[in-house]
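Structure at a glance
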Amino acid sequence: MLTVGALLSKARDTARYDDFGEPSFLEGFERLVFAVEHEARLNQLGEALIEHQIVDLLTCRLDIEQWYGRHPEIDEEEIVQPLIGLGLPRTGLTGPH
């Protein structure tokens, strides 16, 4: 059984940080965990994979918050001309047939 607390704890243990930053993500995260537990009808492999993916994403958030805490000067950077890349996703059809 996946729980919000257990997933957050696993991510903290993995990253060795505990600051997730602003808690604004928690409402959506709680809804995701509820949907996985009550609506997704995953088998054991599916549950293990989604747990791994969620913990990985939470760990990335912890890493970003930790980096940002060490480099607050990033707020002073001015973005003059942002680079925006748009395009269709790869479909795998460009390889040999």
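Residues numbered from 1 in each chain as written. Predicted model: local features only at pLDDT ≥ 70, side-chain atom pairs only at ≥ 80, totals over all residues. Heavy atoms only, no water.

1. Re a nonpolar patch on the surface
Defined as follows: Only residues whose relative accessible area exceeds 30% and that take part in no salt bridge are eligible for patches, with like-charged residues grouped when within 9 Å of each other and nonpolar side chains (Val, Leu, Ile, Met, Phe, Trp, Tyr) grouped when within 5 Å. Each accessible area value is a Shrake-Rupley result obtained with a 1.4 Å probe; residue values ignore everything except the protein chains displayed when judging cover. Any carboxyl oxygen of Asp or Glu that lies within 4 Å of a side-chain nitrogen of Lys or Arg is treated as forming a salt bridge with it. For helices the rule is a DSSP run of H or I covering at least 4 residues; for strands it is a run of E covering at least 2, with both sets numbered from the N terminus onward. For each residue, the accessible area found with a 1.4 Å probe, counting protein chains only, is set against the maximum for its type, and the residue is called buried under 20%, exposed over 50%, and partly exposed in between.
There is a patch of nonpolar side chains on the surface, built from Trp-67, Tyr-68 and Ile-74 and spanning about 270 Å² of accessible area. On the secondary structure map, Tyr-68 appears in helix α3 (residues 44–70). The exposure class assigned to Tyr-68 is partly exposed, which follows from its relative accessible area of 33%.

2. Overview of the nonpolar core
Convention followed: Only buried residues count toward a nonpolar core, which is a set of Ala, Val, Leu, Ile, Met, Phe, Trp, Tyr and Cys residues joined through side-chain atoms within 4.5 Å.
If you look at the biggest cluster of nonpolar residues, it comprises 15 residues, and the most contacted ones within it are Leu-7, Leu-8, Phe-20, Phe-29 and Leu-58. For this core, the element with the most residues is helix α1 (residues 4–15), which contributes 5 residues.

3. Notes on the packing of α1 against helix α2 (residues 26–38)
Selection criterion: Each axis is a line fitted through C-alpha atoms, and for a helix only the stretch in contact is used; angles between axes span 0 to 180 degrees, taken between their N-to-C directions. Here the word oblique covers every angle except those under 35 degrees (roughly parallel), over 145 (roughly antiparallel) and from 65 to 115 (roughly perpendicular). Contacts are residue-level and defined by heavy atoms, with any inter-residue pair within 4.5 Å sufficient. Each residue is assigned to one class: nonpolar for Ala, Val, Leu, Ile, Met, Phe, Trp, Tyr, Cys and Pro, charged for Asp, Glu, Lys and Arg, and polar for all the others, Gly among them.
Where α1 meets α2, the closest approach of the two axes is 10 Å, and the angle between their N-to-C directions is 115 degrees. Here α1 is positioned roughly perpendicular relative to α2, judged by the angle of their axes. Packed against α1, whose contacting residues are Val-4, Leu-7 and Leu-8, the element α2 presents Leu-26, Phe-29, Glu-30 and Val-33 at the interface. In the contact of α1 with α2, the residues fall into 6 nonpolar, no polar and 1 charged.

4. Let's talk about the side chain of Thr-59
Tracing the chain through its elements places Thr-59 in helix α3. In contact with Thr-59, not counting residues within four places along its chain, are Ala-11, Thr-14 and Ala-15.

5. Concerning α1
Heads up, the condition is: In a helix, the anticipated span is given by 1.5 Å times the number of residues less one. Picture the helix axis, draw a direction to every C-beta atom, and the arc is the one those directions span.
The end-to-end C-alpha separation of α1 is 17 Å, in line with the 16 Å expected for 12 residues at 1.5 Å each. Residues of α1 that are buried include every one of Val-4, Leu-7, Leu-8, Ala-11 and Ala-15, and no others. One face of α1 carries all of its buried residues, which in axial projection span an arc of 100 degrees. Its buried side turned inward, α1 meets α2 and α3.

6. Thoughts on a negative patch on the surface
Defined as follows: Positive charges come from Lys and Arg alone, negative charges from Asp and Glu alone, with His and the N- and C-terminal ends not counted. To locate a charge, the coordinates of NZ of Lys, CZ of Arg, CG of Asp or CD of Glu are taken.
Residues Glu-73, Asp-75, Glu-76 and Glu-77 make up a contiguous surface patch of negative charge. Residue Asp-75 is classed as exposed on the basis of its relative accessible area, which comes to 51%.

7. Describing α3
Defined as follows: Polar contact is the term for a pair of N or O atoms within 3.5 Å; when the atoms are in protein, one must be able to donate a hydrogen and the other to accept it, and sequence-neighboring residues count only if both atoms are side-chain atoms.
Along its 27 residues, α3 runs 39 Å from first to last C-alpha, staying within 8% of the 39 Å computed at 1.5 Å per residue. The set of residues buried in α3 consists of Gly-46, Ile-54, Val-55, Leu-58, Thr-59 and Leu-62. Its side-chain oxygen 3.1 Å from the backbone nitrogen of Leu-45, Asn-43 forms the N-cap of α3.

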